[in-house]
Protein chains: 2
Amino acid sequence: MSTTLPPVRPPTLRDVALGAGVHPATASRALNPATRPLVNTETASRVLRVAESLGYRPNPIARSLKTSRSATVGLVIPDLTNPLFPPIVRGIEDVLGPAGYNAWLVNTDNDADREESLIDSLRSRQVEGLIVATARLQHPLLDRLHAEGVRMVLINRRTANADLPSVTGDDATGVATAVAHLADLGHRRIVHLAGPQNTSTGLVRHRAFLQALRDHGLDDDLGLVAQCASWSEEEGARALRELLDAGREFTAVIAGNDLLALGCYDVFAERGIECPRDLSVVGFNDMPFIDKLRPPLTSVRVPHYELGSEAARMLLEGLRSPTWQVRSVLLPLTLTRRQSTGPPRHTPAENLG
Amino acid sequence: MSTTLPPVRPPTLRDVALGAGVHPATASRALNPATRPLVNTETASRVLRVAESLGYRPNPIARSLKTSRSATVGLVIPDLTNPLFPPIVRGIEDVLGPAGYNAWLVNTDNDADREESLIDSLRSRQVEGLIVATARLQHPLLDRLHAEGVRMVLINRRTANADLPSVTGDDATGVATAVAHLADLGHRRIVHLAGPQNTSTGLVRHRAFLQALRDHGLDDDLGLVAQCASWSEEEGARALRELLDAGREFTAVIAGNDLLALGCYDVFAERGIECPRDLSVVGFNDMPFIDKLRPPLTSVRVPHYELGSEAARMLLEGLRSPTWQVRSVLLPLTLTRRQSTGPPRHTPAENLG
DNA sequence: GCCCGTAGCGCAATCGATTGCGGACCCGGT
DNA sequence: ACCGGGTCCGCAATCGATTGCGCTACGGGC
């Protein structure tokens, strides 16, 4: 007759210790490679055997409570359904996982209050560091966290405060490459759909665009930039319509990102504009499936997966060393040429409309 | 002269109790709405005031250790970069969040070993339940978990074992709608690119396809189904090529999902097939951006966000009630008609090749 | 004036693992 | 026989919150 079993409680350290005939403290030391030298080799292997046979798995919650470490980092992104982010997340997880860490993911929906409360809850869950993809140029919350000594890496976007370590694409060079590509094709009047100027990506791409025009001896007429209030299809469409309606003359568009470029496609359909014959378009990011569009979109490729993995590596490094060399990394971008760009049909002087 | 402060330790329950001049136990009861009636109203509000002023936040780790609840559920998906999943994840989080729960996400990459070890690690982190999107028809691991009493909801796919609660789309009706649409357009010979038959979605759609053909008085020749080994573009392309090379006669394709349909687009480009003039295609899932393809893809829309939110609601219910009424839900699907489907150019008897 | 019911709170154990401190023991040297 | 120095290991506190149990008052009923 067997003793009655409590509903299959998973084995604890105490159970292992009992089985091996040692004190829980000894079992703990035997199980931890770092403290194993403190216990007799034979005892240690006995403990390990028992742990194995019992299927013992340390309780990370109890461990966290005592050590106040959680083997977890917080991952703050605007919105997971934006196709930009899944590859970033995978890149992060693929580095964190082998290092014994996990990522805890939250979506802020670009809402600053939500962001603050979510980061709060991450911190109370003892995350050891943060990877933040929601940086705005002015971002008091992030400045404050940094001042409090929170380990943190910005990804994809940066703040104006360069003290915060970051991993981003080399947007300036990316834009320059796009302008060079269009100039090579013969375009002389190129417009830019600029993303939100309170984000580093929006601002840097905008400035780089103007600089690149000058470098190619092209006119940097301010009317050749349209501001978009958000990185969305709708805003891209709105901005392009505005430029067309204003009667601006141009033969190519550099969109601040692929979603803005998608908005352009909507306008093409609306107004019977043929791309690239009437108008060339370059996107930014090279999102998944963008090569299946009509026509396939030429886009500046951003290595999102690598952005993620690099940020994770950087954060892990920061977590290990108490004194952390803050640095920021720019990853190189490349232009993926597809069929949305071609030589201009009109001479620069002609009006498209 | 101030006493030296330890590096800003966040306030604990003990600090609150001290400040309010009560025992930690009383403070705990005052803070918890469920036990608050046990303490004098005035005392309770004093505790709340002190907690507020100290910025007290309960330590979820300590709480979890004691209560062995974690306010966390595990979310097991194959691969976050598959555009199917982000909306599901958002649906889940949007329900879990307000209920005080969080989701812990893992990617299995469709690897059974990886899946097992990830679920293991989720369980050792005390997740209270699982939402699983990686079900295969035969899935001993899930059967075992269910037998062990793990709270679990399957999403998107099911197992053969109907004991496991699930939330999926009504695939059979969805396929029937697609077949009806094509039949209405005049198609008589329709092929199906069937997804992996070890998944419920693959099998159900396949069977429903054959049934729908019969219902419409169409030939259900077995040669009109091509098997795909995975839900990928490459497999979709391979399968379509195979059908074409075999000289099969058909005017329309129902792809097991949108990725398989994308593979068809690749073959169209390769072989100069014009869609929908030469061949109509229907996808399945209605992924984001699929309306931007060339031509925009007709697809059976699956409400992924709702799949997620419904699964989360169901799981929460299961977590609250000790006796759980297991049930499974089929969400209705609708056909989104776009330009990849049109009337057949050839009579059924003619060969496309 | 005595007893009992009840409201309000405190005591201490508990969840499971970690770790500083010190005790037991062994061994060799003198 | 005694001592010093290691090696191994156990004791007990600790992380922070929760909770069963029981104590103290107080008030009303007889």
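Provided above is the structure to which this section pertains.
Note that this is a predicted model, so its numbers are computed, not measured. (Residues numbered from 1 in each chain as written. Chains lettered and ligands numbered in written order. Predicted model: local features only at pLDDT ≥ 70, side-chain atom pairs only at ≥ 80, totals over all residues. Heavy atoms only, no water.)

Participant: Hey, could you run me through the overall build of chain A in this one?
Facilitator: Per the secondary structure count, chain A includes 12 helices and 12 strands. The C-alpha atoms of chain A give a radius of gyration of 27 Å, which is well past the 20 Å a tight globule of 353 residues would have. Dimensions of chain A, computed from the C-alpha atoms along their principal axes, are close to 95 × 45 × 35 Å. For chain A, the residues scored as buried account for 54% of the 353 residues in total. A sequence separation of at least 24 residues applies to 70% of the contacts in chain A between residues at least 6 apart. (Helix = DSSP H or I, 4+ residues; strand = E, 2+ residues; numbered from the N terminus. Rg over C-alpha atoms; globule rule 2.2 N^0.38 Å. Buried < 20%, exposed > 50% of the residue type's maximum accessible area, 1.4 Å probe, protein only. Contact = heavy atoms within 4.5 Å.)

Participant: Sorry if this is basic, but what is going on with the packing of aromatic side chains here?
Facilitator: Remark: the centre distance and the inter-plane angle together describe each pair of aromatic rings, the angle taken between the planes. All told, the structure shown has three aromatic pairs over all chains when counted by the stated rule. Looking at R205 of chain B, its charged tip hangs above the ring of F284 of chain B, at a distance of 3.8 Å from the centre. (Phe/Tyr/Trp six-rings, centres within 6.5 Å; stacked < 30°, edge-to-face > 60°. Lys NZ or Arg CZ within 6 Å of the ring centre and 35° of its normal.)

Participant: Please explain the interface of chain A and chain B as it appears in this structure.
Facilitator: By a widely used convention, the size of an interface equals the accessible area lost when the partners come together. Facing the 41 residues of chain A at the interface are 40 residues of chain B. In this structure, the connection of chain A to chain B is made through 10 salt bridges. For K292 of chain B, the salt bridge is made with E233 of chain A, and the minimal N-O distance between the two is 2.9 Å. In this assembly, chain A and chain B are joined by 11 residue pairs in polar contact (both at pLDDT 80 or more). Every element with two or more residues in the side of chain A that touches chain B is listed here: α4 (60-67), α5 (85-96), β2 (102-107), α6 (112-124) and α11 (258-271) of chain A. Residue composition of the side of chain A that touches chain B, grouped by class: 19 nonpolar, 10 polar and 12 charged. (Salt bridge = Lys/Arg side-chain N within 4 Å of Asp/Glu carboxyl O. Polar contact = N/O pair within 3.5 Å; in protein donor to acceptor, adjacent residues only side chain to side chain. Nonpolar A, V, L, I, M, F, W, Y, C, P; charged D, E, K, R; others polar.)

Participant: What is the right way to look at the packing of helix α10 (residues 233-245) of chain A against α11 of chain A in this model?
Facilitator: For any two helices packed against each other, one specifies the inter-axial angle together with the distance between the axes. Residues and elements named next belong to chain A. The interhelical angle for the contact between α10 and α11, taken along N-to-C directions, is 55°, at an axis separation of 6 Å. Between α10 and α11, the angle falls in the class oblique. Crossing handedness for the pair α10 and α11: right-handed. On α11, the residues touching E233, E235, G236, A237, L240, R241, L244 and D245 of α10 are L259, L260, L262, G263, C264, D266, V267, F268, E270 and R271. Residue composition of the contact of α10 with α11, by class: nine nonpolar, two polar and seven charged. (Axes fitted to C-alpha atoms, helices over the stretch in contact; angles between N-to-C directions. Parallel < 35°, antiparallel > 145°, perpendicular 65-115°, else oblique. Left-handed = near helix turned anticlockwise from the far one by under 90°.)

Participant: Sorry, what's going on with the relation of the copies chain A and chain B here?
Facilitator: Superposing the two chain copies requires a rotation about an axis and a translation along that axis. Relative to chain B, chain A is turned by 180° and slid 0.0 Å along the rotation axis, the superposed coordinates differing by an RMSD of 0.1 Å. The two molecules are tied by a two-fold rotation axis, judged by turn and shift. When the interface residues of chain A are mapped onto chain B, 98% of them again lie at the interface, so the same face is used by both copies. (Least-squares fit on C-alpha atoms with pLDDT ≥ 70 in both.)

Participant: How do you make sense of the sheet that holds strand β4 (residues 152-155) of chain B when you look at a structure like this?
Facilitator: Within a sheet, each strand pairs with its neighbour through backbone hydrogen bonds, oriented either parallel or antiparallel. Residues and elements named next belong to chain B. Reading across the sheet, the six strands line up as β2-β1-β3-β4-β5-β11 and stay open at both edges, with parallel pairing between neighbours. In this open sheet, the two strands that pair with only one neighbour each are β2 (102-107) and β11 (328-331). Along the sheet, successive strands turn relative to each other by an average axial angle of 20°, direction set aside. Pairing analysis gives three bridges linking strand β3 (residues 129-132) to β4, with the strands arranged parallel. Bridging across to β4, I131 finds its partner in V153. (Pairing = 2+ DSSP bridges.)

Participant: In this structure, what is going on with the protein's contact with DNA strand D? I would like to understand it.
Facilitator: As a structural note, the neighbourhood of DNA strand D is formed by 23 residues, with T26 and T43 of chain A together with L13, Y56 and R63 of chain B the closest of them. The share of sugar and phosphate among atoms of DNA strand D within 4 Å of the protein is 65%. At a separation of 3.0 Å, a phosphate oxygen of DNA strand D approaches a polar side-chain atom of S28 of chain B. Contact distances for DNA strand D include 2.7 Å between a phosphate oxygen and a side-chain N or O atom of Y56 of chain B. Of all elements in the fold, only α2 (24-31) and α4 of chain A together with α2 (24-31) and α4 (60-67) of chain B reach the threshold of two or more residues within the surface near DNA strand D. Per-element tally for the surface near DNA strand D: the top contributor is α4 of chain B, with four residues. (Near = heavy atom within 4 Å.)

Participant: How should the sheet that holds strand β10 (residues 298-301) of chain A be read in this particular structure?
Facilitator: All names here are of chain A. With mixed pairing, six strands are arranged side by side in an open sheet as β7-β6-β8-β9-β10-β12. Across the chains shown, the open sheet's two edge strands, defined by having one partner strand only, are β7 (225-227) and β12 (334-336). This sheet shows a mean twist of 20° between the axes of neighbouring strands, independent of strand direction. Of the strand pairs in this sheet, strand β6 (residues 190-194) and β7 are connected by three bridges, and their pairing is parallel.

Participant: Explain the pattern of salt bridges to me, please; I cannot follow it from the model alone.
Facilitator: Pairing between side chains of opposite charge can happen when the charged atoms of each approach one another. All names here are of chain B. Scanning all chains against the criterion turns up 45 salt bridges over all chains. For E235, the salt bridge is made with R238, and the minimal N-O distance between the two is 3.0 Å. Of this pair, E235 and R238 both sit in helix α10 (residues 233-245), separated by three residues, roughly a single helical turn. Here R238 falls in the partly exposed class, since its relative accessible area comes to 29%.

Participant: Before we go on, may I ask you to explain the nonpolar core in this structure?
Facilitator: Formed by 99 residues in total, the largest nonpolar core has its most connected members in F209 of chain A together with F209 of chain B. Counting residues in hydrophobic clusters, the runner-up holds 34 residues, among them W104 and L164 of chain A together with L122 and A135 of chain B. (Core = buried A, V, L, I, M, F, W, Y, C linked by side-chain atoms within 4.5 Å.)

Participant: Honestly, the protein's contact with DNA strand C in this entry has me stumped. Any pointers?
Facilitator: Contacts to DNA strand C come from 23 residues, most closely from L13, Y56 and R63 of chain A together with T26 and T43 of chain B. Backbone sugar and phosphate groups make up 66% of those atoms of DNA strand C lying within 4 Å of the protein. At 2.9 Å from a base oxygen of DNA strand C is found a side-chain nitrogen or oxygen belonging to R29 of chain B. Residue assignment for the surface near DNA strand C shows that the elements contributing at least two residues are α2 and α4 of chain A together with α2 and α4 of chain B.

Participant: Could you clarify how one ought to interpret the side chain of R205 of chain B in this entry?
Facilitator: Looking at the element boundaries, R205 of chain B is found in helix α9 (residues 200-215). The contact partners of R205 of chain B, leaving out residues within four places of it in the chain, are D171, V175, H192, S200, W231, G256, N257, F284 and N285 of chain B.

Participant: Please clarify how unusual backbone geometry should be interpreted in this entry.
Facilitator: Negative phi values dominate among residues other than glycine, just as trans dominates among peptide bonds. Residues and elements named next belong to chain A. A cis amide bond links C275 with the next residue in sequence, P276, at an omega value of 10°. Along the chain, P276 falls in the loop between α11 and β9 (280-285). With a phi angle near 70°, F289 is a residue other than glycine that sits in the positive phi range. With respect to the element layout, F289 can be found in the loop between β9 and β10.

Participant: Got a minute to help me understand the environment of R337 of chain B in this structure?
Facilitator: All names here are of chain B. Note that R337 resides in the segment after β12 (334-336). Judged by relative accessible area, which is 58%, R337 ranks as exposed. Distance from R337 to P58, taken between C-alpha atoms, is 52 Å for residues 279 residues apart in sequence.

Participant: I'm lost on α4 of chain A in this one. Help?
Facilitator: All of the buried residues in α4 of chain A are P60, I61 and S64 of chain A. Buried positions in α4 of chain A, seen along its axis, are confined to an arc of 100° and lie on one side of it. Summarising the geometry of α4 of chain A, the exposed residues directed more than 90 degrees from the buried face are R63 and K66 of chain A. Lining the buried residues of α4 of chain A we find α4 and α6 (112-124) of chain B. Capping the start of α4 of chain A is the job of one residue whose side-chain oxygen sits 2.7 Å from the backbone nitrogen of I61 of chain A: N59 of chain A. Just downstream of α4 of chain A lies S68 of chain A, where phi reads positive at about 50°. (Arc of directions from axis to C-beta.)

Participant: Can you help me understand the pairing of strand β9 (residues 280-285) of chain B in this one?
Facilitator: Each regular strand displays side chains that alternate between the two surfaces of the sheet. Residues and elements named next belong to chain B. The buried fraction of β9 is high, at six of six residues. By the bridge criterion, three bridges tie strand β8 (residues 252-255) to β9 in an arrangement that is parallel. Along β9, the bridge assignment pairs A252 with S280. For the handedness criterion, the β-α-β arrangement of β8, helix α11 (residues 258-271) and β9 is classed as right-handed. The sheet contact formed by β9 and strand β10 (residues 298-301) spans four bridges and is parallel. The residue bridging V282 from the neighbouring strand is T298, located in β10. (Right-handed = clockwise from strand over helix to strand, strands pointing away.)

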